[in-house]
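Here is what each chain is made of, one letter per residue.
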Amino acid sequence: MNGIHDMGGMDGFGTVDTRDDGVVFHGKWEGQVMAASRVMGAVGAWNIDQGRYGIEQLPPHRYLTSYYHRWLARCEWALVQYGYADADEIAAGHALRPGRAPPRGKFTTANLDRISHRGSYLRPPQAPARFAIGDRVLARNMHPKGHTRLPRYVRGHVGVVERLHGCQVFPDSAGMGEGDNPQWLYTVRFEGRDLWGADADPTLKVSVEAFEPYLEPA
Amino acid sequence: MSTHDHHDHDHGHRHEHDHGEASELSETELRVRALQTILIEKGYTDPAALDAIVETYETRIGPHIGARIVARAWTDPAFREALLADASKAATPFGYHGKVGDHLVAVENTPERHNMVVCTLCSCYPWDVLGLPPVWYKSFAYRSRTVKEPRAVLREFGVTVPEQAEIRVWDSTAEVRYMVLPERPAGTEGWSEEKLAGLVTRDSMIGTGLPRSPAGEGA
């Protein structure tokens, strides 16, 4: 979806506040939201793409709050959306009926390994890769209403395949609850001037990770 | 699929902001407490597990992991090659519990090329080797501008890259995670791996900073 989350190239957000106090969580609640969200992912209640899609659907004024406020809103929404709590329970602040058994059972300290390392999104290929390193490819001009990971700023532009990352879970399917539908994943590199015009920094090259359905031969 | 607009029990951040920092926190904290209570009462997890996750990211998984990887790459050419070929595999011994998850890629800075990592769509970040991202990495200014005017962003971090050098920005739009292998500072010949790791800043592994200068290191 063409949401507020797709920020590459936007103006108006000011300068970067580079200050860093080295603190991981600003307020205990931030860590608690992170932990609650990771738990629900680890028990299999929703996948990473469904989680991202939950955040993308926040209305812009709610998206433009803070990172962990978005996580909190997403977690409340996803619990209801995927059947792990009801809206009246969120409002009441406690459970009013028994929970739904998650696919991977209760998360305890014995399961910490599931969150302390990234999982693998590699899957067996469904077909040979269509593109090879060095190929020129066009990022499709596509505007799906659902979840996608092709940012707007590269759509309609030609780049070069720089890396091949194997066949991986396709977010556009997984985020919509339509299964892994594995697709080849490429790093596609664009010239800054192709993306941003003749006035752009001539030394800039930008890449995105692009799944094969995002691309056409150029 | 229902959207957030239909979520009746959302308190709304706009409202919270209107009431200032103190009341915002208390209202947010109430919602977070409700969330935790529901997860525990429904048997999805327990308090000890929630605390352990927070503790893991506060004390165990952080940029010290990445700094050790960089220092090894600076002192061991074979490791550097292995890291650039398959970072998840090469970095494994340095990871928490001796493991680094998929799908880590290390990109090397040279005099001709400066790398920067961003996630324009959310805030994807190499958690396994750098921990949780700093606030600026998640900021709208960083996410929006890095792919378009990286040199201006770098100036805000106090970093100047030579005019003729390439600026290479990696937008992490999938489940590949990037870390930058910065250049080893001059004047560190003969330094131990441990001492070198002390020069490696978190920002230097994302591309918004450079390693500390050896002159700044105390005796």
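This structure is a prediction, so every number in the text was calculated from the model and none was measured.

1. Concerning the state of the cysteines
In total, this model carries zero disulfides over all chains according to the counting rule given. Summary of cysteine pairing: A:Cys75 is not part of a disulfide, and the nearest cysteine sulfur, belonging to B:Cys122, is at 16 Å. Residue B:Cys124 stays outside any disulfide, its sulfur separated by 3.5 Å from that of B:Cys122, the closest cysteine. Under the relative-accessibility criterion, B:Cys124 is labelled buried at 6%.

2. Describing the nonpolar core
Core analysis: the largest hydrophobic core is formed by 127 residues, its most contacted members being A:Met40, B:Leu83 and B:Tyr142. Per element, the largest residue contribution to this core is nine residues, and it comes from helix H4 (residues 67-81) of chain A. Discounting chain neighbours no more than four positions away, the residues touching B:Tyr142 are A:Val16, B:Met116, B:Val117, B:Val118, B:Trp136, B:Tyr137, B:Val153, B:Phe157, B:Ile206 and B:Thr208.

3. What to know about the side chain of A:Asp172
Residues and elements named next belong to chain A. With respect to the secondary-structure elements, Asp 172 resides in helix H7 (residues 171-174). Among buried Asp, Glu, Lys and Arg side chains, Asp 172 stands out as unpaired, with Arg 149 the closest opposite charge at 7.6 Å. In this structure the side chain of Asp 172 is engaged in a polar contact, spanning 2.7 Å, whose partner is the side chain of Thr 148. Leaving out residues up to four positions away in the same chain, Asp 172 has contacts with Met 142, His 147, Thr 148, Arg 149, Glu 178 and Tyr 214.

4. Some thoughts on the domain arrangement of chain A
How big an interface is tends to be expressed through the accessible area that disappears when the partners come together. Residues and elements named next belong to chain A. What the domain assignment lists for chain A is domain 1 (28-116) and domain 2 (136-217). With centres defined by C-alpha atoms, the gap from domain 1 to domain 2 works out at 28 Å. Residue-level contacts link six residues of domain 1 with ten residues of domain 2. In total, about 610 Å² of surface goes out of reach between domain 1 and domain 2, with carbon and sulfur atoms giving 47% of it.

5. Considerations on the interface of chain B and chain A
Each partner contributes residues to the interface: chain B has 95 residues there, and chain A has 105 residues. Summing the contributions of chain B and of chain A, the shared interface buries around 8800 Å²; its carbon and sulfur component is 60%. Close ionic contact of A:Glu76 with B:Arg31 constitutes a salt bridge, the shortest N to O distance being 2.7 Å. On the surface where chain B and chain A come into contact, there are 46 residue pairs in polar contact (both at pLDDT 80 or more). Examining the composition of the side of chain B that touches chain A, we find that 13 residues originate from one element, helix H2 (residues 20-41) of chain B, more than from any other. Residue classes in the side of chain B that touches chain A are distributed as 43 nonpolar, 24 polar and 28 charged.

6. Observations concerning the pairing of strand S4 (residues 177-181) of chain B
Residues and elements named next belong to chain B. A large share of S4 lies buried, amounting to five of its five residues. Residues Arg 177, Met 179 and Leu 181 point to one face of S4 and Tyr 178 and Val 180 to the other, with burial holding for every one of them. Note that strand S1 (residues 104-108) and S4 share five bridges and pair parallel. By the bridge assignment, Glu 108 is partnered in S4 with Leu 181.

Rules of the game
Residues numbered from 1 in each chain as written. Chains lettered and ligands numbered in written order. Predicted model: local features only at pLDDT ≥ 70, side-chain atom pairs only at ≥ 80, totals over all residues. Heavy atoms only, no water. Disulfide = S-S within 2.5 Å. Buried < 20%, exposed > 50% of the residue type's maximum accessible area, 1.4 Å probe, protein only. Core = buried A, V, L, I, M, F, W, Y, C linked by side-chain atoms within 4.5 Å. Helix = DSSP H or I, 4+ residues; strand = E, 2+ residues; numbered from the N terminus. Contact = heavy atoms within 4.5 Å. Lys, Arg positive; Asp, Glu negative; His and termini not counted. Salt bridge = Lys/Arg side-chain N within 4 Å of Asp/Glu carboxyl O. Polar contact = N/O pair within 3.5 Å; in protein donor to acceptor, adjacent residues only side chain to side chain. Domains from an automatic or database assignment. Buried area = accessible area lost by both parts, 1.4 Å probe. Nonpolar A, V, L, I, M, F, W, Y, C, P; charged D, E, K, R; others polar. Pairing = 2+ DSSP bridges.

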